[in-house]
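Coordinate inspection notes
Chain by chain, the residues:
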4 protein chains.
Amino acid sequence: LDSADFDALEDKARARLSPGAYAFAAAGADDEITLAENIAAWRTLRLRPRVLNDVAKIDTGASILGAGLRNPIMVAPFGRHKLFHPEGECATARGAAAAGAVFVLPTTSTVSMEDVASEAATAPRWFQLYLPPDRGLAENLIDRAAAASFGAIVLTVDQPVYGSSPRAARAPLTPSPDIRSANLPGQPIAQHSYKPGHTGSVTFPATLRDLEWLVSRSRLDVVVKGVLRGDDAVRCVEAGAKAIIVSNHGGRHLDGAIATADALPEMADAIAGKAELYVDGGIRRGTDIVKALALGARAVLVARPVIWGLALGGAEGVRAVLDHLNAELARAMALCGAARLADIGADLVANK
Amino acid sequence: LDSADFDALEDKARARLSPGAYAFAAAGADDEITLAENIAAWRTLRLRPRVLNDVAKIDTGASILGAGLRNPIMVAPFGRHKLFHPEGECATARGAAAAGAVFVLPTTSTVSMEDVASEAATAPRWFQLYLPPDRGLAENLIDRAAAASFGAIVLTVDQPVYGSSPRAARAPLTPSPDIRSANLPGQPIAQHSYKPGHTGSVTFPATLRDLEWLVSRSRLDVVVKGVLRGDDAVRCVEAGAKAIIVSNHGGRHLDGAIATADALPEMADAIAGKAELYVDGGIRRGTDIVKALALGARAVLVARPVIWGLALGGAEGVRAVLDHLNAELARAMALCGAARLADIGADLVANK
Amino acid sequence: LDSADFDALEDKARARLSPGAYAFAAAGADDEITLAENIAAWRTLRLRPRVLNDVAKIDTGASILGAGLRNPIMVAPFGRHKLFHPEGECATARGAAAAGAVFVLPTTSTVSMEDVASEAATAPRWFQLYLPPDRGLAENLIDRAAAASFGAIVLTVDQPVYGSSPRAARAPLTPSPDIRSANLPGQPIAQHSYKPGHTGSVTFPATLRDLEWLVSRSRLDVVVKGVLRGDDAVRCVEAGAKAIIVSNHGGRHLDGAIATADALPEMADAIAGKAELYVDGGIRRGTDIVKALALGARAVLVARPVIWGLALGGAEGVRAVLDHLNAELARAMALCGAARLADIGADLVANK
Amino acid sequence: LDSADFDALEDKARARLSPGAYAFAAAGADDEITLAENIAAWRTLRLRPRVLNDVAKIDTGASILGAGLRNPIMVAPFGRHKLFHPEGECATARGAAAAGAVFVLPTTSTVSMEDVASEAATAPRWFQLYLPPDRGLAENLIDRAAAASFGAIVLTVDQPVYGSSPRAARAPLTPSPDIRSANLPGQPIAQHSYKPGHTGSVTFPATLRDLEWLVSRSRLDVVVKGVLRGDDAVRCVEAGAKAIIVSNHGGRHLDGAIATADALPEMADAIAGKAELYVDGGIRRGTDIVKALALGARAVLVARPVIWGLALGGAEGVRAVLDHLNAELARAMALCGAARLADIGADLVANK
């Protein structure tokens, strides 16, 4: 990773990928308002650094769902890694393990969860779940995740239907035998593409009853991903979720959805410490992570930069991206006068 | 309609139309501040989607002036459709009927209201009225609209004089025998163009007295179009209007007029449910419709995208545009956790 | 004047003028922040038009310092018209007279006030005064203005020193025998240009004592031009000024000065009707005039568009510009539901 | 200095310097958000000038830490002047002396403090200190500064680690024997460049204890540079600092740090006159200085424009830049109605 920043990294990855694979990763829904604003919202926040604190030793160590981790950076679930590297999610798993980051493997993985687990046996990993309408399939996934030592189930709730992306529609994916759902071999894998006649039919229902069922059925902690409102977060916690991921699915489904940085403060207020809170969407700098933690998140998740690292260097590229982000976090903490994550308080951030 | 979005559709239509016809449809008054801001104001609003609701079945069905309609999307009145397609308003009427959308036929139609009515006999349609100074002509129009089974009279009140468009002036319309007022054969049809010496003389007076006269004279419900203030809306309702259309005439007359999305909340507060409220201006996405309904509108009207569909595909193009918008509405509702229009509340929207 | 708007007019004038003459008229101080913002501040304001009022007859008639005028548009003082047209201020005077607009002739006129007065004997005109350090010269100017039937003395107070314009410095004026101060033949006429070593020495002192002296000495009403604060406006009125012109000298001296549209409301509050209030800076549309009057001004002054008209058509060009602006005002009033200037209230304007 | 403004000056200097030297001076950290916003924040503030005051004589004289100075403009510490001119800090010192400006010589000077002192013996100068981890080295620097008649010690507290600059990384510095730390001959001089693997290790610790030690150890007044929060400023004053410099290190370390113009009001409130307050970052115009003083600063510091002057003209270039800025200050004061620095009050500034 000899790129100065993730924008340069994306340019390099784009040059190597097929137009369809690049667009699949890069595009957002409709006019890409939320895609752009996720990034802009972090950048618009201003830091109010403290000085004259002792920052001789910076400790980025985080505690996530009871586990001690090297840093508060996780790999967000993102489908079909074989589009980007022949080793697919195996490479990502190894890279994340090397960086000490939780890898959230998606239902739509092109490598089975068992193969991923065997790749990095002791590394922290969670399983992201799109709840299939068929409850039997759901139970199959849940039980296998537990058996494969995944540490939590991440239920995605912001994709009842697919969004529509004009950009992705202009660069369609070429079908390939490799690009199939390895966790649910019999299931079709959706084309994320523009459908003028889309009728709004639901692909993955996830109602409050489903969440309650999942909590009762799963031996693993349940994390809910895709919440943008305080009242919904409270409902999830009351239904048994142990953590919430503030997310708008990277701007891929509902264009115009509030940026995650803008939704975070309301969420933190509503949760009031009753569950853990993480955030994804637009995190590109160590300073973004400091801002996220200052606004109430305990950790962040990153997807697209990891994909660019994967495309360019496989496992090593993934590790390099995550290490780079962690180094930026350490630097940002030192420059803010915060030696530990616990030193990052709300007073560090001001609106521009 | 194989275009990814309405911007691409407009580009295609522009390539097919004469410069004058394109500019007649596309241009706004003066510096086009309001034209641009109508669109931007919707895009600036942020959605706060709800999750974990049951959205397995999305119902876009709307009740408008007591009629049950397939969706809350109407075709706004827009003059001279024969500029865009040889079948003119007949094509638009058939397309709207196929999509289940109310077609608001303008006074300045290039097809007579009787011919339009015979084209789609049972489809919902309203008649837009520029009140002619000659009351006899006005009565002629009102009575014919009722006889031709139009469902309401839409009185336009925001065009006492014409606006001025530098863009349209640079691409004047070529006179053509087809482009004439079919509803008022003896009347001249105005050139929407720049007049440096324009003296501000009123073309279509519409005072409160005129509205009261129209309400008393018309057997049909009266809708007032072109209101941007709460106090004016209340005056209209007190004068007997059954509904108000928040509109600035698509930015075509008073440049700098407040964007309709920005005017809507004040209007909804002032009306307080005593009449129905619709809005037009800048609606280009299903998410825009969700925002409009969240801010208090019961339905939206769309003009320019319909014109592009008409130019490119006649009745079928019109239907495709409206169906596309309805599909986007259904998707946006699902992604917002709203299964019915009644589920769309003010809490769904936040200012950026 | 067959241009669609004043931007196009400026382009045409620029093509005809020498670079130095164009830059002299067009440039603003330093980074031209205030120059741009004067225009932007009017455009950012939104109109909240009223409907259903009787606007069959629009009356733009204004009462300014007791005189009945055709409209509330005046020609702002601007120096050296012979740079733009061989007839100089004579042409401007005739054009303004034809349009019924007050012409404010500057001290730095290239035609003497007596020659201007003989050009349009009965037309309304005021004399702008830079108070010369030599009181004898000042008395000479004041008395001659009264003798030549000027209606008021406009004391400019915002030019104690010259501003600096990098743009004008890049296009210096070519000296010419025609370009000299016709009112003060013995006095040098300043080069408005960049002076790195400028020491801040005062060219035209104007203290409160000077204003009091002028009020007591002049038979004519005294208007103060160049005030941007409520407290200063009150001081001027207490010293005897009959009217205040909210102005930042067209952004030519203090870059970063508040835009006149932004200063106007505070000024109107402070004056509270004890004097008349006018405004200049960035007025380019009839809607700008409606906004200015809604915010508390009784009239507006315009300079640069008049200069472009002068450059392109002499007296006729000046008249065309002013008539065009008046026609736009009439149209804007009709579209706002205001039949007379008195109908233009604060409720017509909203911040964006 | 025949350039119209500092942007043009920078362009000229860039043409003369090596890409590495230019980037070293011009670049900011990461995405250069703070670099750009430092400048923009001053430009966004609006001036509310006073009129009719007596500004016949403008006096820019300032009192800084008890010394009477010609103006409130100081040369900010900036390292390695031999990158820009063969005479290095000697030239800068002479230029600053000629302009009557305090020169703040940095620890990382390429000329020793003793040589600088002999260059302009009676000119006002301060010594900027990066506190070396080795206290003996620190005492050596402090004592030498006092012996060389420096007037104050400026402790920089906002650089516990280096920032990272993609722009500077793309144009690395060429090593040269001239570019070495003349004040600490045995010490390495850091490359300000991008380090992906940077671990956040602290280079110059500066805790509150260090500040207290410095205050007790130094015979000279201690100024703290790099504070952006009111609470930190109070801590510094309580620890014995005589003055605070509001600074974010020119946007070179923590990108996203609040602009100094935005931090200044809070700082002034917190300090409440108990210490002097200066500000640097983005000062490019005389009007910026007026704004800084209106918001509570007693003086400003300038770095990059001085570097461009140094690169283009050595001592004479430095003097020209500082004189130019002082002339702009005098002009801005006259145009604001402020004859002395004490006349510049908070009422002169408004937010846009």
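This report concerns the structure included in the present document.

What to know about the interface of chain C and chain B
Each side of the interface is counted separately: chain C has 32 residues, and chain B has 38 residues. The largest per-residue losses of area from chain C upon contact with chain B belong to C:Leu52, C:Arg331 and C:Leu335, which jointly make up 27% of the total buried on that side. Here chain C is connected to chain B by six salt bridges. As a salt-bridge pair, C:Asp347 and B:Arg229 come within 2.5 Å of each other at their nearest N and O atoms. Taken together, the connections running from chain C to chain B amount to 12 residue pairs in polar contact (both at pLDDT 80 or more). Contributing elements (two or more residues each) for the side of chain C that touches chain B: strand 1 (46-47) and helix 12 (304-336) of chain C. Ranked by the residues each element gives to the side of chain C that touches chain B, the list is headed by helix 12 of chain C, at nine residues. Among the residues making up the side of chain C that touches chain B, the classes are represented as 17 nonpolar, four polar and 11 charged.

Some remarks on helix 12 (residues 304-336) of chain A
Residues and elements named next belong to chain A. Taking 1.5 Å of rise per residue, 33 residues should cover 48 Å, yet helix 12 covers just 26 Å from first to last C-alpha, more than 12% shy of that figure. Of all 33 residues making up helix 12, 28 are buried, and the element is well covered by its neighbours. Looking at the residues trailing helix 12, positive phi occurs at Gly337, about 80 degrees.

Describing the nonpolar core
Ranked by internal contacts, the top residues of the largest apolar core, which has 509 residues, are A:Phe84, A:Ile244, B:Phe84, B:Ile244, C:Phe84, C:Ile244 and D:Phe84. The contacts of C:Phe84, once residues within four sequence positions are left out, are C:Leu17, C:Ala21, C:Phe24, C:Ala25, C:Phe78, C:Gly79, C:Ile307, C:Leu310 and C:Ala311.

What about the sheet that holds strand 6 (residues 125-129) of chain D?
All names here are of chain D. Spatially, 4-5-6-7-8-9-10-11 is the arrangement adopted by the eight strands of the closed barrel, whose pairing is parallel. The average undirected angle you get between the axes of adjacent strands in this sheet is 30 degrees. Sitting on the sheet, helix 11 (residues 286-294) touches strand 4 (73-75), strand 10 (276-280) and strand 11 (299-302), and the angle it makes with strand 11 is about 135 degrees. Relative to strand 4, helix 12 (residues 304-336) is tilted by about 165 degrees, and along the sheet it contacts strand 4 and strand 11.

Considerations on the interface of chain A and chain B
Often, the extent of an interface is quoted as the loss of accessible area upon association of its parts. Between chain A and chain B, the residue contacts involve 37 residues of the former and 31 residues of the latter. Buried area between chain A and chain B, both sides added, is near 2900 Å², and the carbon and sulfur share of it is 57%. B:Arg285 serves as the salt-bridge partner of A:Asp30, at 3.8 Å between the closest nitrogen and oxygen. Where chain A packs against chain B, one counts 12 residue pairs in polar contact (both at pLDDT 80 or more). For the side of chain A that touches chain B, the secondary-structure elements that each account for two or more residues are helix 3 (33-44), helix 8 (208-217), strand 8 (221-227) and helix 9 (230-238) of chain A. The element contributing the most residues to the side of chain A that touches chain B is helix 9 of chain A, with three residues. By residue class, the composition of the side of chain A that touches chain B is 18 nonpolar, nine polar and 10 charged.

Looking at the relation of the copies chain A and chain B
Each copy of the chain is related to the other by a rotation around an axis and a translation along that axis. Superposition of chain A onto chain B requires a rotation of 90 degrees combined with a translation of 0.0 Å along the rotation axis, giving an RMSD of 0.0 Å. Both copies of the chain, as the preceding transformation shows, are related through a four-fold rotation axis. Residues of chain A ranked by C-alpha distance from the rotation axis are headed by A:Lys352, positioned 9.6 Å from it.

A closer look at unusual backbone geometry
Located in the positive-phi region is A:Asp30, a residue other than glycine, with phi close to 50 degrees. For A:Asp30, the position within the fold is in the loop between helix 2 (19-26) and helix 3. Judged by its relative accessible area of 13%, A:Asp30 falls in the buried class. Even without being glycine, D:Ser149 reaches a positive phi, approximately 65 degrees. Mapped onto the elements of the fold, D:Ser149 is located in the loop between helix 6 (135-147) and strand 7 (152-156).

Details of the sheet that holds strand 11 (residues 299-302) of chain C
Residues and elements named next belong to chain C. If you trace the eight strands once around the closed barrel, you get 4-5-6-7-8-9-10-11, paired in parallel fashion. Along the sheet, successive strands turn relative to each other by an average axial angle of 30 degrees, direction set aside. Contacts between helix 8 (residues 208-217) and the sheet are confined to strand 6 (125-129), strand 7 (152-156) and strand 8 (221-227), with strand 8 contributing the most and set at about 155 degrees to the helix. Here helix 11 (residues 286-294) sits on the sheet and contacts strand 4 (73-75), strand 10 (276-280) and strand 11; the angle it forms with strand 11, its principal contact strand, is near 135 degrees.

Here we look at the pairing of strand 6 of chain D
All names here are of chain D. Taking burial as the measure, the five residues of strand 6 include five buried ones, the bulk of the element. Of the two faces of strand 6, both are covered, the one formed by Arg125, Phe127 and Leu129 as well as the one formed by Trp126 and Gln128. Bridge analysis of strand 5 (residues 102-105) against strand 6 gives three bridges, and the strand direction is parallel. Residue Phe103 lies in a different strand from strand 6, and its bridge partner there is Arg125. With helix 5 (residues 113-119) bridging strand 5 and its parallel neighbour strand 6, the resulting β-α-β unit is right-handed. Pairing geometry for strand 6 and strand 7, over three bridges, is parallel. Bridging across to strand 7, Gln128 finds its partner in Val154.

Cut-offs used in this document
Residues numbered from 1 in each chain as written. Chains lettered and ligands numbered in written order. Predicted model: local features only at pLDDT ≥ 70, side-chain atom pairs only at ≥ 80, totals over all residues. Heavy atoms only, no water. Contact = heavy atoms within 4.5 Å. Buried area = accessible area lost by both parts, 1.4 Å probe. Salt bridge = Lys/Arg side-chain N within 4 Å of Asp/Glu carboxyl O. Polar contact = N/O pair within 3.5 Å; in protein donor to acceptor, adjacent residues only side chain to side chain. Helix = DSSP H or I, 4+ residues; strand = E, 2+ residues; numbered from the N terminus. Nonpolar A, V, L, I, M, F, W, Y, C, P; charged D, E, K, R; others polar. Expected span 1.5 Å × (residues − 1). Buried < 20%, exposed > 50% of the residue type's maximum accessible area, 1.4 Å probe, protein only. Core = buried A, V, L, I, M, F, W, Y, C linked by side-chain atoms within 4.5 Å. Pairing = 2+ DSSP bridges. Axes fitted to C-alpha atoms, helices over the stretch in contact; angles between N-to-C directions. Least-squares fit on C-alpha atoms with pLDDT ≥ 70 in both. Right-handed = clockwise from strand over helix to strand, strands pointing away.

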